[in-house]
Amino acid sequence: VEVRGPVTETLREGSDLAHARDLLRKEGKPLHVDELLRRMGKEVTRNSKGGLGGSLGNYVRKGAIFTRPGPNVFGLIEFESQSDDGPPATFGLNAV
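Residues numbered from 1 in each chain as written. Predicted model: local features only at pLDDT ≥ 70, side-chain atom pairs only at ≥ 80, totals over all residues. Heavy atoms only, no water.

Q: If you had to explain the overall build of the protein to someone new, which residues and values would you point to?
A: Helix and strand counts for the protein come out as 4 helices and 3 strands. In sequence order, the protein lays out its α and β elements as α-β-α-α-β-β-α. Counting across all 96 residues of the protein, residues that qualify as buried make up 30%. Nonlocal contacts in the protein, meaning residues at least 24 apart in sequence, comprise 44% of its contacts between residues at least 6 apart. For the protein, the exposed area adds up to about 6,900 Å²; of that, 48% sits on carbon and sulfur atoms. (Helix = DSSP H or I, 4+ residues; strand = E, 2+ residues; numbered from the N terminus. Buried < 20%, exposed > 50% of the residue type's maximum accessible area, 1.4 Å probe, protein only. Contact = heavy atoms within 4.5 Å. Areas by Shrake-Rupley, 256 points an atom, 1.4 Å probe, with all protein chains shown as cover.)

Q: Break down the packing of helix H1 (residues 16–27) against helix H3 (residues 46–62) for me, with residues and values.
A: Two elements in contact, H1 and H3, have axes separated by 10 Å at closest approach and are oriented at 75°. Comparing their axes, H3 and H1 come out roughly perpendicular. Facing H1, whose interface residues are Asp16, Leu17 and Ala20, H3 presents Leu52, Ser55, Leu56 and Tyr59. Of the residues that constitute the contact of H1 with H3, the class distribution is 5 nonpolar, 1 polar and 1 charged. (Axes fitted to C-alpha atoms, helices over the stretch in contact; angles between N-to-C directions. Parallel < 35°, antiparallel > 145°, perpendicular 65-115°, else oblique. Nonpolar A, V, L, I, M, F, W, Y, C, P; charged D, E, K, R; others polar.)

Q: Got a sec to walk through the sheet that holds strand S2 (residues 66–70)? Specific residues and values, please.
A: Across the sheet, which stays open at both edges, the 3 strands sit in the order S1-S3-S2 with antiparallel pairing between neighbours. The open sheet is flanked by strand S1 (31–32) and S2, the only strands paired with a single partner. Relative to strand S3 (residues 73–76), S1 is paired through 2 bridges, and the arrangement is antiparallel. Within the sheet, the bridge partner assigned to Leu31 lies in S3 and is Phe74. Its contacts with the sheet place H1 against S1, S2 and S3, and it is angled at close to 75° to S3. Strands S2 and S3 of the sheet are contacted by H3, whose axis makes an angle of about 105° with S2. (Pairing = 2+ DSSP bridges.)

Q: Which residues make up H1, and what values go with them?
A: Each α-helix turn comprises 3.6 residues. Residues three or four places apart therefore point the same way. Between its first and last C-alpha, H1 extends 16 Å over 12 residues, near the 16 Å set by a 1.5 Å rise per residue. Considering only its buried residues, H1 is in contact with S1, helix H2 (33–39), H3, S2, S3 and helix H4 (77–80). Positive phi shows up at Gly28, right after H1, with a value of about 80°. (Expected span 1.5 Å × (residues − 1).)

Q: Any details on the pairing of S2? Residues and values, ideally.
A: With 3 bridges joining them, S2 and S3 adopt antiparallel strand pairing. Each residue of the ladder has a partner; that of Gly70, found in S3, is Val73. Taking the residues that link successive antiparallel strands as the turn, the S2-S3 hairpin has 2 residues, and the phi of Asn72 there is positive, at about 60°.

Q: Which residues make up the nonpolar core, and what are the values?
A: Counting 20 residues, the largest nonpolar core has Leu36, Leu52, Leu56 and Phe66 as its most contacted members. Of all elements in the fold, only H1, H2, H3 and S3 reach the threshold of two or more residues within this core. Examining the composition of this core, we find that 5 residues originate from one element, H1, more than from any other. Aside from chain neighbours lying at most four places away, what touches Phe66 is Leu11, Leu17, Arg21, Leu24, Leu56, Tyr59, Val60, Gly75, Leu76 and Ile77. (Core = buried A, V, L, I, M, F, W, Y, C linked by side-chain atoms within 4.5 Å.)

If you want it as structure tokens, here you go:
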């Protein structure tokens with residue numbers, strides 16, 4: 001059985017997926033597909049939700065770029081490496 005790590009993918013700049021990635025990076029947390037569409041200046045319709053959600057879902061299934069922490073909620077794989085467990089590495093170094 002072959003085991004692979006996360007797939008390395010790039011997105012075409014200017015595409016809806018690249019825009020969604022940039023919005024998620026700016027926000028720093030996962031967002032619902034409706035909110036992504038609103039922030040992209042797109043109308044939130046059944047078709048637009050299905051289109052963007054389906055495209056993001058394809059990357060989720062490949063293990064590339066995006067995650068799906070909840071129904072119609074998408075984040076970035078890079079968020080998973082950011083942990084809020086415990087204090088920062090420099091905590092207490094300048095203690096008096």
